[in-house]
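An overview of the molecular structure
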Amino acid sequence: MIDVAIIGAGSAGLVAARHVISAGLRPVLFEAAKTIGGAWTPSPSISTNSNDDYHPASKMWNGMRANLSKYTCQFTDFPWPDDASTFPSVEELHDYLQSYSQTFLDDTSCCEFQMECQVTNIEKLKSCNSAALTTDDGVANYKVEWLDLNTQKQCARDFGGVVIASGFFHTPCMPSFLKDINIESSDRIPQIIHSAQYRSHHEFKGKNVAVIGGSFSGLEIAADVSKSAARVVNILPSIPWVLPRWIYKFHPILSPESVGENAKTTTILPADLALYQRTQPFRQSEFKELTPEICRERHQYIQSLVGRKQRSSPLGEPTNWDEPTITAISDEYVNLVNEGMIHAIQGRFVGIDDDGKLRLDKSGDDVKEAQSALLDDIDHIICATGYKPSLHNFLSTEILSLLDYDQDDNLIPMTSAYDMMVPSLPNLAFVGLYKGPYMGVLDLQAQLAAKVMSGSVCIDDETYKSAMTASESMRKSSPRAQFPHFYPDLMDTLVRVLNQDVGPPDCEGELGIVVPPLYQRDESLREKCQLDLEREIKHGQDGSLMPKLVSEAILGRWSYDRTIVHLQSAKMERVSGTVKYSKYWTRDSDDDDNKSSLFDKPILYREDGVYEFSPTQKFDVFREYEYEVKDDALEIYFVEGGKRAHMFLSLKFLPETVAVDEATASSGEYWVKATSDHLCIKDLYSATFRVKLNGLSASEIIIKYRVKGPAKDYESTTILTPE
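Described below are features of the structure shown in this document. Worth saying up front: this structure is predicted, and the values here are computed from it rather than measured.

**A closer look at the sheet that holds strand 5 (residues 142-148)**
On the basis of which strands lie adjacent, the open sheet formed by three strands has the order 4-5-6 and antiparallel pairing. Looking at the sheet topology across the chains shown, the edges are occupied by strand 4 (117-124) and strand 6 (153-159). Here the strands of the sheet are splayed against their neighbours by 20° on average, with no regard to which way each runs.

So this is what it looks like as structure tokens:
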């Protein structure tokens, strides 16, 4: 059995090993750490101050969750347990990889692990040829050298093939000017770390923290550290579109018998399921030049998902729609910016003065020239400034030259077919060495690498040439997209090259959602995947997720106008003023040292207004309620004397119209409604709440009460509009 060296035992290395075994070859995995898991290894507990379980490749902090759902974060033939979280935690993902390894890689006769072994050099042997690895005669194409970190002994061995699975997000990138700053020279210079070193917000309690970066880790760390830090400033080179993990779209009703064929309704889905569908606009090929027109279409589409929420916040929206879109996933970030717990500044971090002040070049599409600014009183800087691969640390000069490798290109650092193979390097492949390595792509890349090495798949010269040309075009393109590939198209391309009779999933099917289990031959797994997706879609259509969406959509300041009509006398009274729905709030009795408790509170409704009892009688009024999502309801509680009292209403929201027409679907606007009754002593309050949603924000709220009792008979109608 011919040995294939696999560099790395994270998600890419494990799936590569599994398919190398299936191809009749024997993987030898090299991993510098003590354990498998790579980037998805949980951080050691802060309370233990122990590095016994520290993994050098770990990039995750305590409490972090994936920004993709479990439907996307899985391999093609290894489904999650039914009770797994929709958005897995770091611990769950690590357990998933452990289970995958135990299932497919436990047989030591078929698989070998070289743990705590750091690869130092890989070179192409003179005997290297493109023949398939189909014999047992000790084929040697590459020499691998490594350092045993336990014995400090340098070792070497020849292999028939090599798979590089060391990860795209490997080496932290730091601002270049930091190397010239002597942090120890002054106690006024802030402490500086990369986001890869961030472990918990507890380490920053009471500190002033600047987070540099505007992608996923930058926004999520800014949100997380605000639980303990006294002050959080986020410096973003450009303003991204910020989406939560759950979004809504208009999706075909899966049980359309009562509403007709092709009917659509509002459906709340994990963002990846809503976005990665072949029915989505802007489907791109392996390479498509990003013209200003295409960029504007993409901005417009994402804006339709977000609504007015980001536009009306201090963060604002991207303003130059001729440039490619940048998106980030964060549930809390925009809310925290809106309520002043994160100060977002568009600009670039360009230096640190001797007195510890941060120098910024403020930018923006409305700023014609760069404007310098200083940011003072910062204790810690967290640089969420990205990563780059580490190939130059262990690949020979010859191999790097054949890859046309550029270590400073942190988007597409090499020219290769499907980001994984080069014709002049036979039996050497890369798995997961592209920006945005989805687990389905890793799986298909691993399958293709193993099958090409074993000879069961042969890529003809014309196909190779076309793929290499596409790679070169993407590297030379300007402007560049945030990610080099559109995930569904890359999946389809890989499965076509694999020449599997399963082919890409039917793009005209009922769901159109792209997830890994649909890309393999096992019909039972494909059917289970379809059923899981249908269950998720029906869950998104049954209204049970609507209270959470509504509670997030109504946050912010509103103007209100209320009319009260006494039905017996026809007398009319009026109340007008402002309402603020706050997610993070305090009272005098709260523990000032426990800032993280703000994140566990219900939403506070605070109303301040003027009651016009008659043309000559007016007086100030105010009231408070607490709104809390419990299960599938939005519960409203009275607040008396600054404390929660008994429950007032329990609201279950549903779309007013089950099936929407094309005009509604295109506009993104729709109404949801909830009704509830409350008996207050002898008075019955019949309430109707209507909320007009536009994307992820509400654009109008109408609250009606019909109150009837021995001494009461009136109707109250309150209309709220955003300030």
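**Considering the packing of helix 8 (residues 439-454) against helix 10 (residues 487-498)**
Taken N-terminus to C-terminus, the directions of helix 8 and helix 10 make an angle of 20°; their axes are 10 Å apart at the nearest point. Judged on the interaxial angle alone, helix 10 and helix 8 are roughly parallel. Regarding helix 8 and helix 10, the two cross each other, and that crossing is left-handed. Residue-level inspection shows Gly440, Val441, Leu444, Gln445, Gln447, Leu448 and Lys451 of helix 8 in contact with helix 10, the latter providing Tyr487, Leu490, Met491, Leu494, Val495, Val497 and Leu498. Across the contact of helix 8 with helix 10, the residue classes break down as ten nonpolar, three polar and one charged.

**Section: the layout of surface pockets**
By rolling a water-sized probe across the atoms, one finds the places where empty space is left. Taken as a whole, the second largest pocket spans an internal volume of roughly 1300 Å³. Lining the second largest pocket we find 48 residues, and of these Asp331, Glu332, Lys548, Glu552 and Lys583 sit closest to its centre. Taken together, the elements giving at least two residues each to the lining of the second largest pocket come down to helix 3 (216-225), strand 12 (241-243), helix 6 (333-338), helix 12 (546-553) and strand 25 (617-630). Broken down by element, the lining of the second largest pocket gets its largest block of residues, five residues, from helix 12. Class assignment of the residues belonging to the lining of the second largest pocket gives a composition of 23 nonpolar, ten polar and 15 charged.

**Considerations on the packing of helix 1 (residues 11-22) against helix 8**
Following both chains from N to C, one finds helix 1 and helix 8 inclined at 40°, their axes separated by 8 Å at the closest point. Judged on the interaxial angle alone, helix 8 and helix 1 are oblique. The way helix 1 lies across helix 8 gives a crossing that is right-handed. Contact with helix 1, carried on its side by Ser11, Ala12, Val15, Ala16, His19 and Val20, involves Leu442, Asp443, Ala446, Gln447 and Ala450 of helix 8 and no other residues of that element. Looking at the contact of helix 1 with helix 8 residue by residue, the class counts come to seven nonpolar, three polar and one charged.

**Here's the deal with the environment of Glu635**
Locating Glu635 in the fold gives a position in strand 26 (residues 633-640). By relative accessible area, Glu635 is classed as buried at 14%. When neighbours within four sequence positions are excluded, Glu635 is seen to be in contact with Glu626, Tyr627, Glu628, Lys630, Met647, Leu649 and Ser650. Here the side chain of Glu635 touches Tyr637 through a polar contact of 2.5 Å, side chain to side chain.

**Considerations on the pairing of strand 19 (residues 380-383)**
Here strand 19 shows two buried faces, one formed by His380 and Ile382 and the other by Ile381 and Cys383. In the sheet, strand 9 (residues 191-194) pairs with strand 19 via four bridges, with the strands oriented parallel. By the bridge assignment for strand 19, Ile192 is matched with Ile381. Where strand 10 (residues 208-212) meets strand 19, four bridges bridge the pair, whose relative direction is parallel.

**Some points on the side chain of Gln541**
For Gln541, the location among the structural elements is in helix 11 (residues 523-541). The class for Gln541 is buried, based on a relative accessible area of 17%. Dropping the residues within four chain positions of it, Gln541 is found in contact with His251, Pro252, Ile253, Leu254, Thr265, Thr266 and Thr267.

**So, the packing of aromatic side chains**
Throughout the structure, instances matching the rule amount to 38 aromatic pairs. Between Tyr248 and Tyr670, the aromatic rings sit 4.9 Å apart at their centres with planes inclined by 70°, giving edge-to-face as the arrangement. Here Tyr248, found in strand 13 (residues 246-252), pairs with Tyr670, found in strand 29 (residues 669-680); they are 422 residues apart in sequence, far enough to count as distant. Here Tyr248 and Tyr670 have matching classes, each one buried. Each ring, one from Tyr605 and one from Tyr627, has its centre 6.0 Å from the other, and the planes form 15°; the classification is stacked. Here Tyr627 lies in strand 25 and Tyr605 lies in strand 24 (residues 603-614), a separation of 22 residues in the sequence. Exposure remark for Tyr605: the relative accessible area of 4% places this residue in the buried category. Judged by its relative accessible area of 4%, Tyr627 falls in the buried class. An aromatic cluster of three or more residues is present, and its members are Tyr581, Tyr605, Tyr625, Tyr627, Phe638, Phe648, Tyr685, Phe689 and Tyr705. A cation sits over an aromatic face here: Lys601 above Trp585, 4.2 Å from the ring centre.

**Considerations on helix 11**
A rise of 1.5 Å per residue sets the reference length of helix 11, with its 19 residues, at 27 Å; its end C-alpha atoms lie 27 Å apart and thus fit the reference within 8%. The set of residues buried in helix 11 consists of Leu525, Arg526, Cys529, Asp532, Leu533, Glu536, Ile537, Gly540 and Gln541. In this fold, the buried residues of helix 11 make contact with strand 13, strand 14 (264-270) and helix 4 (271-275). Residue Gly543 follows helix 11 closely and has a positive phi angle near 90°.

**Here we look at unusual backbone geometry**
In most cases, non-glycine residues show a negative phi, while peptide bonds are predominantly trans. Residue Pro479 follows Ser478 across a cis peptide bond; omega there is 0°. Checked against the element boundaries, Pro479 lands in the loop between helix 9 (461-476) and helix 10. The backbone of Gln152 shows a phi angle near 60°, a positive value even though the residue is not glycine. Of note, Gln152 is situated in the loop between strand 5 and strand 6. Exposure remark for Gln152: the relative accessible area of 52% places this residue in the exposed category. Residue Asn427 is not a glycine yet carries a positive backbone phi of 60°.

**Some points on the environment of Asp376**
Structurally, Asp376 is set in the loop between strand 18 (371-375) and strand 19. When its relative accessible area of 39% is taken as the criterion, Asp376 is described as partly exposed. A C-alpha to C-alpha distance of 9.6 Å links Asp376 and Asn208, two positions 168 residues apart in sequence. When near neighbours in sequence (up to four residues on either side) are disregarded, Asp376 contacts Arg231 and Lys357.

**Digging into the pairing of strand 27 (residues 643-651)**
A regular strand places its side chains so that they alternate between the two faces of the sheet. Relative to strand 27, strand 26 is paired through six bridges, and the arrangement is antiparallel. Bridge pairing in strand 27 places Tyr637 opposite Met647. Two successive antiparallel strands, strand 26 and strand 27, enclose a turn made up of two residues, where Gly641 displays a positive phi of approximately 60°.

About the thresholds
- Residue numbering note: each chain is counted from 1, following its sequence as written.
- In keeping with the model being predicted, local features are shown solely for residues with a pLDDT of at least 70 and side-chain atom pairs are shown and tallied solely at 80 or more, while totals for entire chains, interfaces and linings include all residues.
- Remark: hydrogens and water are excluded; side-chain values derive from all non-hydrogen atoms of the structure.
- In this scheme, strands are said to pair when DSSP sees at least two bridges between them.
- The helix and strand labels rest on DSSP assignments: H or I over at least four residues marks a helix, E over at least two residues marks a strand, and numbering proceeds from the N terminus.
- With axes taken as lines fitted to C-alpha atoms, and helix axes fitted only over the stretch in contact, angles between N-to-C directions fall between 0 and 180 degrees.
- An angle below 35 degrees is read as roughly parallel, one above 145 as roughly antiparallel, one from 65 to 115 as roughly perpendicular, and any other as oblique.
- Working rule for handedness: look at the near helix, and if it is turned counterclockwise from the far one by less than a right angle, call the crossing left-handed; if clockwise, right-handed.
- Should any heavy atoms of two residues lie within 4.5 Å, those residues are considered in contact.
- Residues were grouped as follows: Ala, Val, Leu, Ile, Met, Phe, Trp, Tyr, Cys and Pro as nonpolar; Asp, Glu, Lys and Arg as charged; and all remaining residues, including Gly, as polar.
- Site definitions follow a grid-based scheme: protein atoms alone, a 1 Å grid, a 1.4 Å probe that fits but cannot get out for cavities, and for pockets an open set with protein on both sides within 12 Å along at least five of seven lines, plus lining residues having an atom within 4 Å of a point.
- Grid points are joined across faces, edges and corners, and a volume is the space filled by probe spheres set on the points.
- Each residue is placed in one exposure class: buried if its accessible area under a 1.4 Å probe, protein chains only, is under 20% of its type's maximum, exposed if it is over 50%, and partly exposed if it falls in between.
- Residues adjacent in sequence count toward polar contacts only when both atoms are side-chain atoms; beyond that, a polar contact is any pair of N or O atoms within 3.5 Å, and within protein one must be able to donate a hydrogen and the other to accept it.
- Only Phe, Tyr and Trp rings are paired, with Trp represented by its six-membered ring, and only when their centres lie within 6.5 Å; those with planes under 30 degrees apart are stacked, over 60 edge-to-face, the remainder tilted.
- A ring is scored as having a charge over it whenever the NZ atom of a lysine or the CZ atom of an arginine sits within 6 Å of its centre and within 35 degrees of its normal.
- To estimate the expected span of a helix, count its residues, drop one, and scale the result by 1.5 Å.

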